[in-house]
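Listed below, chain by chain, are the residues.
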Amino acid sequence: MFKVLVSDPISDLGIQQLMDAADVLVEKKTGLGEDELVAIIGEYDALLVRSQTRVTEKIMEAGTNLKVVGRAGVGVDNIDLEAATKRGIIVINAPDGNTITTCEHTFAMMMALARHIPQAYAKTVGGVWDRKSFLGVELRNKTLGVMGMGRIGSEVAKRAKAFGMNILAFDPFLTQERAEKMEVKLASVDDIVRNADFMTVHTPLTPETHHMISRPQFEVMKKGMRIVNCARGGIIDETALVEAINEGIVAGAAFDVFESEPPEKDHPFLTHPKIIVTPHLGASTVEAQENVAIDVSEEVLHILRNEPFKNAVNMPPVAASVMSRLQPYFSIGEKLGSFAAQAANQAVNEIHVDYAGDLSDVDTLPLTRYIVKGVLAHHLGSEVNIVNCMHLAKLRDINVVVTQASKSKGFTNLLTVTLKTQNNEETLVAGTLLNGYGERIVQIDKFPVDMAPEGHQILISHNDKPGIIGSVGTLLGQNDVNIASMQVGRKIIGGAAIMILSVDKAVQKDVLVQLTTLAELNRAIEITL
Ligand SMILES: NC(=O)C1=CN([C@@H]2O[C@H](COP(=O)(O)OP(=O)(O)OC[C@H]3O[C@@H](n4cnc5c(N)ncnc54)[C@H](O)[C@@H]3O)[C@@H](O)[C@H]2O)C=CC1
Ligand SMILES: O=C(O)CCC(=O)C(=O)O
């Protein structure tokens, strides 16, 4: 008999099939703290949560029988994925079931914001008949900026068109072709910030999206913008937003999510007259809660019964026979993918992987998955894993092309990852496992290099001219950035060149901007592995 613990309020109808299963015993115990869960989790084979329960390392450690954690919803940021993976606990989510509901909540928030509905309601029920203070705006003919055109963002864009809005959309995986198909205008963050009347964010919270709208964006923002966040707290900098509203830059904001949930009692959003809030209700409809509970229950049953399943967020199912040959390359493969994704500055429409040398005669699919995961995870965050990465790439019209047995350029094994973008630009990164030296990146674009793929790197493209290395070193020194090692690559004297610097800590964005002002320097980006 499998024991399943449901530790958050989850629709009964949704978990009916679990309750009906003869080989499963379901127990519901909601509102437990970490210590209470630690005390009982050892009895259970599966744990079902929404977003309230924080499934910590301590809980996983105590879950000696735990085979699966099921998240009835999308975001898995309340689950310690690394701790689960380390212990072989599969984490599954229900990515599709609450898309429409959250999209509709976004619209409810946008319209409430445009027409001051919560504020007007509060006054009216308070006995004040005030028809002057709540002059609203129409959505028609306004420009809506959508950051993140995944499941929810795309649905929001679709509905906004029906309201007569013009859509500017930004997503690192949105190609011109897909944008045209969806009848939205492909834009940059900067275009949206400068031109939109309304902005809504639908990205996961990743290091890259954390505070993607902060002081620098508010400083150049179109005056009077209205901002909606029904994705994750922390994508928009809360402190900078309040300042921007008080300075008259932003006309109002509607937030369903907070940097820390629930927010402190004195959180400025809770009393600000121009900010409306809901307590993370995006997915809270009867339909969505049933959908996600049904999806996740089905998957939990499959996993407990050892049957095939699809929505694993962390599971590495690699056959033992290929494991021994491929496993040493998983880490470098993922890093090459991540490096290439960070180095490419356009939406990717093809991931080409070439295997040479020792890797030319083995079924490399498991390794390809690590590479694709590395490429996608830079933008999709913890949702992408080696199980779902191919599916996620397909959803975004990204072709994964694999070739084997091209020249290994003298290396016993060579992995070459080339990202092709919609403008036919290519970013190539090649790496190898060197006997005695471990992982090395040996080529970036056309330039041979030799570097360890780890930590913080600054990748610079420049013209090969005397003095450039010195001026880069001086500027970084002035900004307290310590260079641990440096590689320079060029094909011909005086021609195009690259420089890759390993530095001891993350580099501030403004230092990268300062670098690009140096003579003969074309581009400077940070790459973190
Ligand atoms: N308020 C609520 O109750 C709910 C919130 N959510 C949250 O909504 C968000 C979106 O969910 P889905 O659409 O299902 O996810 P999704 O994975 O389908 O879409 C996310 C999109 O964001 C894009 N993205 C990643 N980094 C980006 C960046 N720097 N700039 C622009 N776009 C970027 C990705 O390429 C992807 O297309 C997630 O954070 C999810 O956790 C989801 C459901 C309910
Ligand atoms: O379960 C909930 O209510 C939260 C939903 C959510 O934020 C998600 O699915 O990412």
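Residues numbered from 1 in each chain as written. Chains lettered and ligands numbered in written order. Predicted model: local features only at pLDDT ≥ 70, side-chain atom pairs only at ≥ 80, totals over all residues. Heavy atoms only, no water.

**Q** What is the right way to read the site of ligand 1 from this model?
**A** Lining the immediate environment of ligand 1, one finds 30 residues, of which Arg 151, Ile 152, Asp 171, Thr 203 and His 379 sit closest. Contact between ligand 1 and Arg 151: an oxygen atom at 2.8 Å from a main-chain N or O atom of the residue. For ligand 1, an oxygen atom lies 2.8 Å from a polar atom in the backbone of Thr 203. At the level of secondary structure, the elements contributing two or more residues to the shell around ligand 1 comprise α7 (151-162) and α14 (365-380). Among the residues making up the shell around ligand 1, the classes are represented as twelve nonpolar, eleven polar and seven charged. (Near = heavy atom within 4 Å. Polar contact = N/O pair within 3.5 Å; in protein donor to acceptor, adjacent residues only side chain to side chain. Helix = DSSP H or I, 4+ residues; strand = E, 2+ residues; numbered from the N terminus. Nonpolar A, V, L, I, M, F, W, Y, C, P; charged D, E, K, R; others polar.)

**Q** Just checking my understanding: could you explain unusual backbone geometry for this structure?
**A** Both trends apply: most residues other than glycine have a negative phi, and most peptide bonds are in trans. With an omega of -10°, the peptide bond running from Glu 261 to Pro 262 counts as cis. For Pro 262, the location among the structural elements is in the loop between β11 (250-255) and β12 (275-277). Positioned with a positive phi, His 211 is a non-glycine residue whose angle comes to about 55°. Structurally, His 211 can be placed in the loop between β9 (198-201) and α10 (215-219). On the basis of relative accessibility, which here comes to 23%, the residue His 211 falls in the partly exposed class. A positive phi angle, close to 60°, is found at Asp 480, a residue other than glycine. With respect to the element layout, Asp 480 can be found in the loop between α16 (468-478) and β20 (483-490). Taking the relative accessible area as the measure of exposure, Asp 480 reaches 57% and is therefore exposed. (Buried < 20%, exposed > 50% of the residue type's maximum accessible area, 1.4 Å probe, protein only.)

**Q** What is the right way to read the side chain of Gln 289 from this model?
**A** Position of Gln 289 among the secondary structure elements: in helix α12 (residues 286-304). Taking the relative accessible area as the measure of exposure, Gln 289 reaches 9% and is therefore buried.

**Q** Explanation requested: the sheet that holds β11 in the structure shown.
**A** Paired through backbone hydrogen bonds, the strands of a sheet run either parallel or antiparallel to each other. Strand order across the open sheet formed by seven strands is β8-β7-β6-β9-β10-β11-β12, with parallel pairing between neighbours. Each end of this open sheet is capped by a strand with a single partner; those strands are β8 (185-186) and β12. Strands β10 (225-229), β11 and β12 of the sheet are contacted by helix α11 (residues 238-246), whose axis makes an angle of about 145° with β11. (Pairing = 2+ DSSP bridges. Contact = heavy atoms within 4.5 Å. Axes fitted to C-alpha atoms, helices over the stretch in contact; angles between N-to-C directions.)

**Q** Help me understand the UniProt feature "domain: ACT" (unreviewed entry) in the protein chain in this model?
**A** Mapped onto the present numbering, the UniProt feature "domain: ACT" (unreviewed entry) falls at residues 457-529. Helix makes up 26% of residues 457-529 and strand 42%. Its end C-alpha atoms lie 8 Å apart. (UniProt positions renumbered as here; feature names shortened; annotations may be inferred.)

**Q** What is the right way to read the pairing of strand β3 (residues 46-49) from this model?
**A** By the alternation rule, side chains of β3 split into Ala 46 and Leu 48 and Leu 47 and Val 49, which are all buried. In the classification by handedness, the crossover that spans β3, the intervening helix α3 (residues 57-62) and the parallel strand β4 (residues 68-71) is right-handed. (Right-handed = clockwise from strand over helix to strand, strands pointing away.)

**Q** How do you make sense of helix α17 (residues 509-516) when you look at a structure like this?
**A** Owing to its 3.6 residues per turn, the α-helix aligns residues three or four sequence positions apart on the same side. Looking at α17, one finds that the buried residues are Val 511, Leu 512 and Leu 515. Each buried residue of α17 lies within a common arc of 100° when the element is viewed along its axis, so the set occupies one face. Away from its buried face by more than 90 degrees, α17 exposes Lys 509 and Val 513. Each element contacted by the buried residues of α17 is listed here: β19 (456-463), α16 and β22 (521-528). (Arc of directions from axis to C-beta.)

**Q** Before we go on, may I ask you to explain the side chain of Gln 457 in this structure?
**A** As for its position among the elements, Gln 457 is in strand β19. At a separation of 3.2 Å, a polar atom in the side chain of Gln 457 contacts the side chain of Ser 502. When residues no more than four places from it in sequence are discounted, the contact partners of Gln 457 are Met 451, Ala 452, Ile 500, Leu 501, Ser 502, Ile 525, Glu 526 and Ile 527.

**Q** Honestly, α12 in this entry has me stumped. Any pointers?
**A** Along its 19 residues, α12 runs 27 Å from first to last C-alpha, staying within 8% of the 27 Å computed at 1.5 Å per residue. Restricting attention to buried positions, one finds in α12 the residues Ala 288, Gln 289, Val 292, Ala 293, Val 296, Ser 297, Glu 299, Val 300, Leu 301, Ile 303 and Leu 304. Note on α12: the residue one or two positions beyond its end, Asn 306, has a positive phi of about 60°. (Expected span 1.5 Å × (residues − 1).)

**Q** Before we go on, may I ask you to explain a nonpolar patch on the surface in this structure?
**A** A contiguous nonpolar surface patch, about 220 Å² in accessible area, is contributed by Ile 469, Met 486 and Val 488. Structurally, the position occupied by Met 486 is in strand β20. Judged by its relative accessible area of 33%, Met 486 falls in the partly exposed class. (Patch = residues over 30% accessible without salt bridge, like charges linked within 9 Å, V, L, I, M, F, W, Y side chains within 5 Å. Areas by Shrake-Rupley, 256 points an atom, 1.4 Å probe, with all protein chains shown as cover. Salt bridge = Lys/Arg side-chain N within 4 Å of Asp/Glu carboxyl O.)

**Q** How do you make sense of the site of ligand 2 when you look at a structure like this?
**A** Around ligand 2 sit Arg 50, Ser 51, Arg 71, Ala 72, Gly 73, Val 74, Gly 75, Asn 98, Arg 232, His 280 and Ala 283, and that is every residue in its neighbourhood. Within the backbone of Val 74, a nitrogen or oxygen atom sits 2.5 Å from an oxygen atom of ligand 2. Interatomic distance of 2.7 Å between a backbone N/O atom of Gly 75 and an oxygen atom of ligand 2. Here ligand 2 loses 92% of its free accessible area of 300 Å² to cover by the protein chains. Its residues placed into classes, the shell around ligand 2 shows three nonpolar, five polar and three charged.

**Q** What is the right way to look at a positive patch on the surface in this model?
**A** Among the surface-exposed residues, Lys 407, Lys 409, Lys 446 and Lys 491 lie close enough to one another that they form a single positively charged patch. The exposed category is assigned to Lys 409, whose relative accessible area is 55%. (Lys, Arg positive; Asp, Glu negative; His and termini not counted. Charge placed at Lys NZ, Arg CZ, Asp CG, Glu CD.)

**Q** Help me understand the pattern of salt bridges, please; the structure alone is not making it clear to me.
**A** Should the charged atoms of two oppositely charged side chains come close, the side chains can pair. Taken as a whole and judged by the stated rule, the model has 28 salt bridges. Ionic pairing is found between Glu 138 and Arg 140, a salt bridge with its closest N-O pair at 3.0 Å. For Glu 138, a relative accessible area of 45% puts it in the partly exposed group. Residues joined by salt bridges that share partners form a network here, namely Lys 3, Glu 27, Lys 29 and Glu 43.

**Q** For this particular structure, what's the right way to read the packing of α16 against α17?
**A** When two helices pack together, their arrangement is given by the angle between the helix axes and the distance between those axes. The contact between α16 and α17 brings their axes to 10 Å, and the two run at 155°. Taken together, the axes of α16 and α17 are roughly antiparallel relative to one another. α16 and α17 meet at a crossing whose hand is right-handed. Across the interface between the two elements, Val 472, Leu 475 and Leu 476 of α16 pack against Val 511, Gln 514 and Leu 515 of α17. By residue class, the composition of the contact of α16 with α17 is five nonpolar, one polar and no charged. (Parallel < 35°, antiparallel > 145°, perpendicular 65-115°, else oblique. Left-handed = near helix turned anticlockwise from the far one by under 90°.)

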